[in-house]
Amino acid sequence: MHNRTPVKPEHAPPSYAETGAGLTAEMTAVTTGARRRAVRDGDRHVDTAHLLHSLIEVDPAVREAFGGGPRLARVLGYLVQRSIGYGLRWHGTQEDSGAFRVVRGTGAEGWSPSAAAAVDRAVRGAALRGEDHAGGLDLLTALVADPRCRAVEVLERAGVDTAWLAGRAADQRSGARS
């Protein structure tokens, strides 16, 4: 009999997605919400679309980055449709765009490699700016940096220019420090 449970090497440190280290309280709420959404959708792994959905729900700065109005409504429309049509082809599959590797180890249990890598990139990006914790705009920037992840697919189908969105998030972050 083969054990189908992946075994993480003992020397590999856990992902930030797994530990929550380096995340603001608001970001911890985002990751918790994404986990709940994945369970509710019957998915085995939290993916980047779950993170995007939770991020939009929890973080007003992220909603502001979208410029509100119809753009945000279209994105939410696609995310809501995930369990009733759009996104069903993702059901039962694990997201791994292969664009980024999870730096702190082999990934987080219950997280797609792309989602765990996005959380890790958000924390590292905040640290590079001298911040102790990653916030919602950090995660939004990390999500749109992976052109082959599910979150970007949702954004593109909703007509959102991801380069524009990343620029808006960066402008908001720099404005918050001024």
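Okay, so let's go over this structure.

The rules behind the values
Residues numbered from 1 in each chain as written. Predicted model: local features only at pLDDT ≥ 70, side-chain atom pairs only at ≥ 80, totals over all residues. Heavy atoms only, no water. Helix = DSSP H or I, 4+ residues; strand = E, 2+ residues; numbered from the N terminus. Buried < 20%, exposed > 50% of the residue type's maximum accessible area, 1.4 Å probe, protein only. Contact = heavy atoms within 4.5 Å. Areas by Shrake-Rupley, 256 points an atom, 1.4 Å probe, with all protein chains shown as cover. Core = buried A, V, L, I, M, F, W, Y, C linked by side-chain atoms within 4.5 Å. Expected span 1.5 Å × (residues − 1). Polar contact = N/O pair within 3.5 Å; in protein donor to acceptor, adjacent residues only side chain to side chain. Axes fitted to C-alpha atoms, helices over the stretch in contact; angles between N-to-C directions. Left-handed = near helix turned anticlockwise from the far one by under 90°. Nonpolar A, V, L, I, M, F, W, Y, C, P; charged D, E, K, R; others polar.

**Overview of the overall build of the chain**
Move 1: If you tally the helices and strands in the chain, you get nine helices and zero strands.
Move 2: Put simply, the chain has 178 residues, and 45% of those count as buried.
Move 3: Taking the intrachain contacts of the chain between residues at least 6 apart in sequence as the baseline, contacts between residues at least 24 apart amount to 67%.
Move 4: For the chain, the computed accessible surface area is about 9000 Å², with 52% contributed by carbon and sulfur atoms.

**Notes on the nonpolar core**
Move 1: If you look at the biggest cluster of nonpolar residues, it comprises 41 residues, and the most contacted ones within it are Leu51, Leu52, Phe66, Val75, Leu139 and Leu140.
Move 2: At the level of elements, helix 2 (25-41), helix 3 (48-58), helix 4 (60-65), helix 5 (69-81), helix 6 (113-128), helix 7 (136-144), helix 8 (150-157) and helix 9 (162-177) are the ones that each hand at least two residues to this core.
Move 3: The element contributing the most residues to this core is helix 6, with seven residues.
Move 4: Once residues lying within four places of it in the same chain are set aside, the contact partners of Leu52 are Phe66, Val75, Leu79, Leu140, Leu143, Ala151, Val154 and Leu155.

**Here's the deal with helix 6**
Move 1: Its 16 residues give helix 6 an end-to-end C-alpha distance of 22 Å, which sits within 8% of 22 Å, the value for a rise of 1.5 Å per residue.
Move 2: Regarding helix 6, the residues found buried are Ser114, Ala115, Ala116, Ala117, Ala118, Val119, Asp120, Arg121, Ala122, Val123 and Ala126.
Move 3: Looking one or two residues past helix 6, Gly130 carries a phi angle of roughly 90°, positive in sign.

**Quick look at the side chain of Asp47**
Move 1: Looking at the element boundaries, Asp47 is found in the loop between helix 2 and helix 3.
Move 2: Residue classification places Asp47 among the buried positions, given a relative accessible area of 1%.
Move 3: Polar side-chain contacts of Asp47 include one of 2.9 Å to the backbone nitrogen of Ala49.

**Re the packing of helix 3 against helix 7**
Move 1: It is the contact of helix 3 with helix 7, at a shortest axis distance of 11 Å, that shows an interaxial angle of 145°. Crossing of helix 3 over helix 7 shows left-handed handedness. Only Gly136, Leu139, Leu140 and Leu143 of helix 7 make contact with helix 3, whose side of the interface consists of Thr48, Leu51, Leu52 and Leu55.
Move 2: For the contact of helix 3 with helix 7, a count of residues per class yields six nonpolar, two polar and no charged.

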